[in-house]
Amino acid sequence: MATIVEKHKSDVILSYLRPRKKFPSVWCAGCGNGIVMSALIRAIDNLGLNKDEVIMVSGIGCTSRMPVYLDFNSLHTTHGRALAFATGAKFAQPKMKVIVITGDGDALAIGGNHFIHACRRNIDITCILINNYIYGMTGGQGSPTTPAGSFSTTTPYGNAEKAFDACALAQAAGASFVGRQTVHHAPQLEKLIMKAIQHNGFSLVEAMSNCHTYYGRLNKQGDAVSMIKMFKELAVPVTKAKTMTPEELRGKIITGELHEDNVKTEFCDEYQRMVDAMAGRK
Amino acid sequence: MQGNIACVQGAIYSGMRFFAGYPITPSTELAEGSARELPKIGGRFIQMEDEIASIAAVIAGSITGHKAMTATSGPGFSLMLENIGYAYMTETPCVIVNVQRGGPSTGLPTKVSQSDTMQARWGTHGDYTAIAVAPSSVNDTLTETIRAFNLAERFRTPVTILLDEVLGHMREMVTIPEPGEYQVINRIKPTAPPDQFEPFAMTPNLVSPMPAYGEGYRYNVTGLTHDTMGFSTNRADEIFPKLEKLRNKIENYTDEITKLRVEMMDDAEIAFISYGTVARTSMQAAAIARKAGAKVGSIQLYTIWPFPDKQLIELCARCRKVIVAELNMGQIVHEVRRILPRDIEIHTVQRYDGEILTPLQLLQKVEEVM
Ligand SMILES: Cc1ncc(C[n+]2csc(CCOP(=O)(O)OP(=O)(O)O)c2C)c(N)n1
Ligand code: SF4
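Residues numbered from 1 in each chain as written. Chains lettered and ligands numbered in written order. Predicted model: local features only at pLDDT ≥ 70, side-chain atom pairs only at ≥ 80, totals over all residues. Heavy atoms only, no water.

> Got a minute to help me understand the overall build of chain B in this structure?
Each helix and strand in chain B was counted, giving 13 helices and 13 strands. Here chain B has a C-alpha radius of gyration of 21 Å; the compact-globule value for 370 residues is 21 Å, and the two agree. On the principal axes, the C-alpha backbone points of chain B span a range of 70 × 45 × 40 Å. Going through the 370 residues of chain B one by one, you find that 62% of them count as buried. Across chain B, every contact between residues at least 6 apart in sequence was considered, and the portion connecting residues at least 24 apart equals 77%. When the accessible surface of chain B is split by element, carbon and sulfur atoms take 52% of a total near 13700 Å². For chain B, the separation between the mean place of its 35 positive charges and that of its 42 negative charges on side chains is 2 Å. (Helix = DSSP H or I, 4+ residues; strand = E, 2+ residues; numbered from the N terminus. Rg over C-alpha atoms; globule rule 2.2 N^0.38 Å. Buried < 20%, exposed > 50% of the residue type's maximum accessible area, 1.4 Å probe, protein only. Contact = heavy atoms within 4.5 Å. Areas by Shrake-Rupley, 256 points an atom, 1.4 Å probe, with all protein chains shown as cover. Lys, Arg positive; Asp, Glu negative; His and termini not counted. Charge placed at Lys NZ, Arg CZ, Asp CG, Glu CD.)

So this is what it looks like as structure tokens:
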């Protein structure tokens, strides 16, 4: 038995969960949030970050509960405002690694303004946006990423609105690292998160995830497993996508590193340069 | 120096090193002054995309260990309120300056008002106890700002400074205090080792020590009602003490927080009760009335919230009449009515046309009620 206990104790995931309270989680069994959380933990572990120097910020939603379970400085804020809090935290303490966990409703609906401005500033925050096409926590209402025509409790006859492409939005707004992966591709997601954390500037990782409880059920996509399999079929790596026509790409999810700019300056660095220049002028 | 700039100076004296804001008349000079001064002294200024983001950044700045402030005016204060509630719930010290203008809505951007007085007490949803202070001169603005920061740090709570358009833009002589001249209070840091640290512990004075993120105490901060470890709870036996803590850590110390200026009240038969710039008019009117032989006094509320019930009841015990003067349709008068005995007549002077009250208007009221 001892070996099983030891193995359990050396489990990398367990070593990042809060030691004293808080499990089991509020998430439904099979929710994609768990896969994203594991990928995030492994990415952080691979990078050897000091737990004390990480601040995890989130808003409100199922997704946004993630930091509460993780043994870092965690800031579970108001709906949509995670990036605004994170901007304050990073700017106040630039030496800290600030990672934001946010949902599609949190980041792109109520928090849309903060999202584009965090991208524009190119502040060194890693934003992990878990896109499950729907509002999970409030019971399956439409979100800015709900695909046109698909069903939610507030689009009972099919969504008449159009969806945001979060990655294209982030790139256009000035984010200097943008990537997308699905929960079917956990190892690739882990690598993408690692690169995003290492990147100096605003980085967005859009993680396509399953809310089988609401989105899956309302759109007849089956349970967690069949939804995750669906992500496997829909994903097209960015290199392959370049060889495909727009018709072939319709309904597909383009994955991988979509954009990287290492020339654009980072906001906190820029502020520091201004302060240093002022001191020099004195 | 201008009132708004005196506020920046007071904040810097108190150790403010982080300001996040969004411009709005008549508070804009607070952002401009902070943008100019903070980088010179190792502080940080950021102009956020709106007021919601500004207060969010200020709260996060405070949790990472800085004394932090934002400034706004009516419409911006309304936008901030959800996150101000977050600061109450998470017990995060910070200072919010509301340079009041006429409303509702965009109202009167360059006109004076005191119509956010109740909003500073009850603006955000839920149950909590608020601290708000109100200076009446430019010099006061500097010293009350220092007091606001001290109260915020002492009680781990947001503190609102209520200025008004006239005070924000008025210029008067100000003496910048020497270091050490005023006490500056800093938040208490934990001494327990991190593995025994309870971030929202019930201490004897109900204020829990507060580490900064990055100092080795990794803990959870949430706006959900939480237990002493900072984890959300639905248990009545954990919810009740948390909310009682928010209330009692302030209400048990009202005497320490209350500040009044009391003039000519020893034998007064009629008392003015007022705050902000109106208090100066009241004081002047009382002095003029005295010269004419009327026994009029003045009580100025420097602390508006928590309301100084006990002190006012004692001070007004020998008065027959009080006159509550304010630049709104009647906000503080409700508090005065709540606490004073029925045999004291309560009169009001209210103005809400964007103009200030003059001593003449107050003297007319004295004559009318005498
Ligand atoms: C100001 C405000 N408005 C609305 C809500 C209610 N609310 C809570 S979570 C949520 C949506 C969450 O959706 P998403 O961000 O996609 O996260 P998910 O639950 O799907 O992970 C909403 C609307 C709130 N908490 N605060
Ligand atoms: S409701 Fe959806 S998003 Fe929320 S935990 Fe369940 S599966 Fe996940």
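> It is not clear to me how the site of ligand 1 should be interpreted in this structure. Could you clarify?
Taken together, 17 residues surround ligand 1, and among them Cys62, Thr63, Asp106, Gly136 and Met137 of chain A come closest. Of the chains in the model, those with residues near ligand 1 are chains A and B. Between ligand 1 and the protein, one listed contact pairs an oxygen atom with a backbone N or O atom of Cys62 of chain A at 2.8 Å. Gly105 of chain A places a main-chain nitrogen or oxygen 3.0 Å from an oxygen atom of ligand 1. Broken down by element, the residue count for the shell around ligand 1 peaks at four residues, all from helix α5 (residues 104-110) of chain A. (Near = heavy atom within 4 Å. Polar contact = N/O pair within 3.5 Å; in protein donor to acceptor, adjacent residues only side chain to side chain.)

> Looking at this structure, I do not really get the interface of chain A and chain B. What am I missing?
Accessible area lost upon the coming together of the parts serves often as the stated size of an interface. Across the boundary between the two partners, chain A contributes 40 residues, which contact 43 residues of chain B. Summed over both partners, the interface of chain A with chain B comes to about 3500 Å²; 56% of that surface belongs to carbon and sulfur atoms. There are three salt bridges connecting chain A and chain B. Glu49 of chain B is the salt-bridge partner of Arg121 of chain A, the closest N and O atoms lying 2.8 Å from each other. (Buried area = accessible area lost by both parts, 1.4 Å probe. Salt bridge = Lys/Arg side-chain N within 4 Å of Asp/Glu carboxyl O.)

> Looking at this structure, I do not really get the pattern of salt bridges. What am I missing?
Proximity of charged atoms lets side chains of opposite charge pair with each other. Counted under the stated rule, the structure contains 32 salt bridges over all chains. The salt bridge partner of Lys195 of chain A is Glu257 of chain A, with a shortest N-O separation of 3.0 Å. Of this pair, Lys195 of chain A sits in helix α8 (residues 186-198) while Glu257 of chain A sits in strand β10 (residues 253-260); the two residues are 62 residues apart in sequence, bridging distant segments of the chain. A relative accessible area of 32% means that Glu257 of chain A is categorised as partly exposed. The shortest N-O distance in the salt bridge between Glu238 of chain B and Arg235 of chain B comes to 3.6 Å. The buried category is assigned to Glu238 of chain B, whose relative accessible area is 18%. Taking relative accessible area as the criterion, Arg235 of chain B reaches 45% and is therefore assigned partly exposed. Among the ionic contacts, a cluster of salt bridges with common partners joins Arg18, Lys51, Asp52 and Asp71 of chain A together with Arg218 of chain B.

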